[in-house]
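Listed here are the chains, written in short residue letters.
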Amino acid sequence: MSTLQIDHTSRWFGNVVAVNDITMTIGPGVTGLLGPNGAGKSTLIHMMSGFLAPSTGSVTLDGATIWRNEGVYREIGLVPEREGMYDFLTGGEFVLANAELHGLPDPGAATRRALATVEMEHAADRRIGTYSKGMRQRVKMASALVHEPSVLLLDEPFNGMDPRQRMHLMQLLRTMGEDGRTVLFSSHILEEVEQLASHIEVIVAGRHAASGNFRKIRRLMTDRPHRYLVRSSDDRALAAALIADASTAGIELDQSEGALRVQAVDFGRFTALLPRLAREHGIRLHTVSPSDESLESVFSYLVAA
């Protein structure tokens, strides 16, 4: 069983800070690295896999520094988001090359085993240039698994996969986590993380925003202030009724939209209160829509919390 330790780690490119003083521990099981696009997930994974040096801080595997330490590469498998692949090779040749680079005693057998694990035996003799996006993802996975690493790092691994491929990969990662391997995958899609990860690390704008199981992260998101755009038959009367209740922290009449902008601090109470007040005051609700439900707004709240 292997453990990755990120200790007060930062990485910058010129004046751009991609990762800002992050500390976290990634142990056996499946961990989801959750954050919006551009949050710094890929940079962090590249440092964990030894392809990028930290500007400050350290990234270690079982106490051993990863950067410029060839010995730890035997324990790490990486599935990058970007496709640095050789389209003129067949899938089998691509995986075999990685097996030979690792100096495996029987690279041919290891290649066949890895391709079977991701259900790509049928396309092993086809050139990668003819593969679909999902097939390319799976052959990258086979290449990362060919040396049977104890740590698997995957950057947005479900991109381009059809539903059946996604289900198969999710089950494969669950099994690996249950077997004691350390599996970390990044995603900007909350539902992917919910279905797969037993532990979640959230990063936003290069900063560590939250850590815990899915229930804890979901609770943090649900408990944040919610903003709604509400259109009704009498916005002023509805605003007067809502502002008197503790479930709202602010109401603004947006004349350009012809609607109310409501900030609700008690999500459950507000959703029950709104239709009741409308009924009691004879007000018809035309539109009730969240105005801040993007992942970026949710994660920004977690950073500020």
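Being a predicted model, the structure only gives us computed values, none of them experimental.

*Asks:* Quick rundown of the nonpolar core? Include the residues and the values.
*Replies:* By size, the foremost hydrophobic cluster in this structure holds 47 residues, and its most contacted members are M141, L152 and L173. The greatest single-element share of this core, amounting to six residues, is contributed by helix α4 (residues 133–145). Aside from chain neighbours lying at most four places away, what touches L173 is V30, M141, L152, L154, F158, V183 and L196. Formed by 23 residues, the second largest nonpolar core is a distinct cluster that contains L4, I22, M48 and L153.

*Asks:* Just give me the short version of the sheet that holds strand β12 (residues 248–254), but keep the residues and values in it.
*Replies:* Strand order in this open sheet of four strands is β12-β13-β11-β14, and the pairing throughout is antiparallel. Strand pairing shows two members of the sheet lacking a second neighbour, β12 and β14 (285–290), which therefore form its edges. Averaged over neighbouring strand pairs, the angle between their axes works out to 20 degrees when direction is ignored. Where strand β11 (residues 226–232) lies against β14, five bridges are found, and the strand directions are antiparallel. Across the sheet, the residue bridging to V230 is V288, located in β14. Across the sheet, helix α8 (residues 235–243) is in contact with β11, β12, β13 (259–264) and β14; its angle to β12 comes to roughly 165 degrees.

Here is what the cut-offs are and how they apply
Residues numbered from 1 in each chain as written. Predicted model: local features only at pLDDT ≥ 70, side-chain atom pairs only at ≥ 80, totals over all residues. Heavy atoms only, no water. Core = buried A, V, L, I, M, F, W, Y, C linked by side-chain atoms within 4.5 Å. Buried < 20%, exposed > 50% of the residue type's maximum accessible area, 1.4 Å probe, protein only. Helix = DSSP H or I, 4+ residues; strand = E, 2+ residues; numbered from the N terminus. Contact = heavy atoms within 4.5 Å. Pairing = 2+ DSSP bridges. Axes fitted to C-alpha atoms, helices over the stretch in contact; angles between N-to-C directions.

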